[in-house]
Amino acid sequence: MLTTRFVNGAPNWIDVGTSDIDGATSFYGALFDWRFRSAGPDAGGYGFFQLDGKTAAGGMQTTSAQGPPSWTVYFRTSDAQATAQAAERKHGAVLLAPMDVMGQGTMAVLADQAGVPFGLWQPGQTEGVDVANEPGALCWVELYTPDVAAAAAFYNATLGLETSAAPFPGGTYTCVNPAGAGEEAMFGGIVPLADDPTEAGSGAYWLPYFEVADADTVVAEAEKLGGRVRMPATDVEGVGRVAKLADPYGARFAVIKSVPQEM
């Protein structure tokens, strides 16, 4: 389960780069009750989406030269430089070299062996997001990739991530957890790109999931605000009610109303 008790290899930050930060603020504010707060005049327009005063995500306006609007998932590391070097050894790439962020931590953006961007966050004063796994917050991530085994090997060598197979309607699901943390610390999965038919012809990518109180209500609101429904709200046995969406600017994400897990 994704929590704010972060360990190396677990997602600890997420942000969206968008062509319209004001529009994105309105969209996600309506869906998740987020409020946008600027990180200050030296932050280049970067800011924080806050849920009841707690930071749930980051965001900033980007240009077409920086790529299409998208969400980036960041993973905790205690040494961003060493992790970046490990990624290069496994045929990944460093898209943005490790850099200090105003004393808050060290960030980097890498690409895996299939070209999928992902981030690193080495904590300084900021450990990560303030809230996770509750309505309006990040609760799960999925990697859609053409080669599940190759991706598992890459993220194991780079971030120490471990995988396990879980029974799933129609087959098995490859779950991911931090090194040595056990399956109870699962925070995501690795999925064949072919299983995402709504994006036929698109490249591999990381998909963030946000917990919601009512998936159908969020889907209806997203449509009303100009978002795109990539997969309508659907019940997944033992998991919850899931929908895949894109915001009005093209950034892909998913929402889930999780079923209560037995303790």
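Quick note: structure is the one above.
These numbers were taken from a predicted model, which means no experiment stands behind them.

**Q** Which parts of the structure should I look at to understand the environment of Thr63?
**A** Relative to the helices and strands, Thr63 resides in the loop between strand S4 (54–61) and strand S5 (70–76). Remark: the alpha-carbon pair of Thr63 and Asp20, spanning 43 residues in sequence, is separated by 9.5 Å.

**Q** Help me out: how do you make sense of helix H3 (residues 148–159) in this one?
**A** Count 3.6 residues to each turn of an α-helix, and residues three or four apart come out pointing the same way. Its twelve residues place the ends of H3 16 Å apart at the C-alpha level, agreeing with the 16 Å of an ideal helix rising 1.5 Å per residue. Taken as a whole, H3 has its buried residues at Ala151, Ala152, Phe154, Tyr155, Thr158 and Leu159. Taken around the axis of H3, the buried residues stretch over an arc of 165°, which confines them to a single face. Capping of H3 at its N-terminal end is provided by Asp147; its side-chain oxygen lies 3.3 Å from the backbone amide nitrogen of Ala149. Positive backbone phi, at 75°, marks Gly160, one or two positions downstream of H3.

**Q** What am I meant to see in empty space enclosed by the protein here?
**A** Left-over empty space is what a probe sized like a water molecule reveals as it rolls over the atoms. Enumeration over the complete set of coordinates arrives at one cavity of 30 Å³ or more. Space inside the largest cavity adds up to approximately 30 Å³. Of the residues in the lining of the largest cavity, the class split is six nonpolar, one polar and no charged.

**Q** Before we go on, may I ask you to explain the nonpolar core in this structure?
**A** Core analysis: the biggest nonpolar cluster contains 54 residues, and Tyr28, Phe32, Trp34, Trp71, Phe118, Trp206 and Phe253 have the highest contact counts within it. Per-element tally for this core: the top contributor is helix H1 (residues 21–32), with six residues. Not counting residues up to four positions away in its chain, the partners in contact with Trp71 are Ile14, Asp15, Val16, Tyr28, Trp34, Ala57, Gly58, Pro208, Phe210, Ala251, Arg252 and Phe253.

**Q** What am I meant to see in the sheet that holds strand S3 (residues 47–51) here?
**A** Within a beta sheet, neighbouring strands are joined by backbone hydrogen bonds and run either parallel or antiparallel to one another. The sheet built from eight strands is open, its strands ordered S2-S3-S4-S1-S5-S8-S7-S6 with mixed pairing. Unpaired on one side and paired on the other, strand S2 (35–38) and strand S6 (93–100) mark the two borders of the sheet. Between one strand and the next, the sheet's axes are offset by a mean angle of 25°, whatever the strand orientation. Against the sheet, helix H2 (residues 80–89) contacts S6, strand S7 (105–111) and strand S8 (117–123), and its axis sits at roughly 175° relative to S6. Its contacts with the sheet place H3 against S5, S7 and S8, and it is angled at close to 20° to S8.

**Q** Is there a simple way to explain the pattern of salt bridges in this structure?
**A** Side chains that differ in sign of charge can pair as their charged atoms come close. Scanning the model with the defined rule gives seven salt bridges in all. For Arg241, the salt bridge goes to Asp216, with nearest N and O atoms at 2.6 Å. Note that Arg241 is positioned in strand S15 (residues 240–246) and Asp216 in helix H4 (residues 215–224), a separation of 25 residues in sequence. The class of Asp216 is partly exposed, set by a relative accessible area of 37%. A salt bridge links Asp235 to Arg241, with the nearest nitrogen and oxygen atoms 3.2 Å apart. In this structure Arg241 comes out as partly exposed when scored by relative accessible area, which is 24%. Connected via shared salt-bridge partners are Asp196, Arg230 and Lys244.

**Q** Explain the packing of aromatic side chains to me, please; I cannot follow it from the model alone.
**A** Any two aromatic rings considered together are summarised by their centre-to-centre distance and by the angle between their planes. Per the counting criterion, the structure on display carries 28 aromatic pairs. Each ring, one from Phe32 and one from Trp34, has its centre 4.9 Å from the other, and the planes form 50°; the classification is tilted. Both residues of the pair, Phe32 and Trp34, count as buried. By way of ring pairs, the aromatic residues Phe27, Tyr28, Phe32, Trp34, Phe36, Phe49, Trp71, Phe210 and Phe253 are connected into one cluster. The positively charged end of Arg252 is found above the aromatic ring belonging to Tyr205, 3.6 Å away from the centroid.

**Q** Please clarify how the packing of H1 against H4 should be interpreted in this entry.
**A** How two helices pack is summed up by the angle between their axes together with the distance between the axes. H4 packs onto H1 with a crossing angle of 160° between their chain directions and a minimal axis gap of 9 Å. Here H1 is positioned roughly antiparallel relative to H4, judged by the angle of their axes. The interaxial crossing formed by H1 with H4 has right-handed handedness. On H4, the residues touching Phe27, Ala30 and Leu31 of H1 are Val218, Glu221 and Ala222. Each residue belonging to the contact of H1 with H4 can be placed in one class, and the counts come to five nonpolar, no polar and one charged.

**Q** What's the story with unusual backbone geometry in this structure? I'm lost.
**A** Leaving glycine aside, a negative phi is the common case for residues, and trans is the common case for peptide bonds. The phi torsion at Asp52 lies on the positive side, around 50°, for a residue other than glycine. In this structure, Asp52 sits in the loop between S3 and S4. For His91, which is not a glycine, the phi torsion comes out positive at approximately 70°. With respect to the element layout, His91 can be found in the loop between H2 and S6. Look at His91 and you get exposed, because its relative accessible area is 67%.

Analysis parameters
Residues numbered from 1 in each chain as written. Predicted model: local features only at pLDDT ≥ 70, side-chain atom pairs only at ≥ 80, totals over all residues. Heavy atoms only, no water. Helix = DSSP H or I, 4+ residues; strand = E, 2+ residues; numbered from the N terminus. Expected span 1.5 Å × (residues − 1). Buried < 20%, exposed > 50% of the residue type's maximum accessible area, 1.4 Å probe, protein only. Arc of directions from axis to C-beta. Polar contact = N/O pair within 3.5 Å; in protein donor to acceptor, adjacent residues only side chain to side chain. 1 Å grid on protein atoms, 1.4 Å probe; cavity = no way out; pocket = protein on both sides within 12 Å on 5 of 7 lines; lining within 4 Å. Points joined across faces, edges and corners; volume = space filled by probe spheres on them. Nonpolar A, V, L, I, M, F, W, Y, C, P; charged D, E, K, R; others polar. Core = buried A, V, L, I, M, F, W, Y, C linked by side-chain atoms within 4.5 Å. Contact = heavy atoms within 4.5 Å. Pairing = 2+ DSSP bridges. Axes fitted to C-alpha atoms, helices over the stretch in contact; angles between N-to-C directions. Salt bridge = Lys/Arg side-chain N within 4 Å of Asp/Glu carboxyl O. Phe/Tyr/Trp six-rings, centres within 6.5 Å; stacked < 30°, edge-to-face > 60°. Lys NZ or Arg CZ within 6 Å of the ring centre and 35° of its normal. Parallel < 35°, antiparallel > 145°, perpendicular 65-115°, else oblique. Left-handed = near helix turned anticlockwise from the far one by under 90°.

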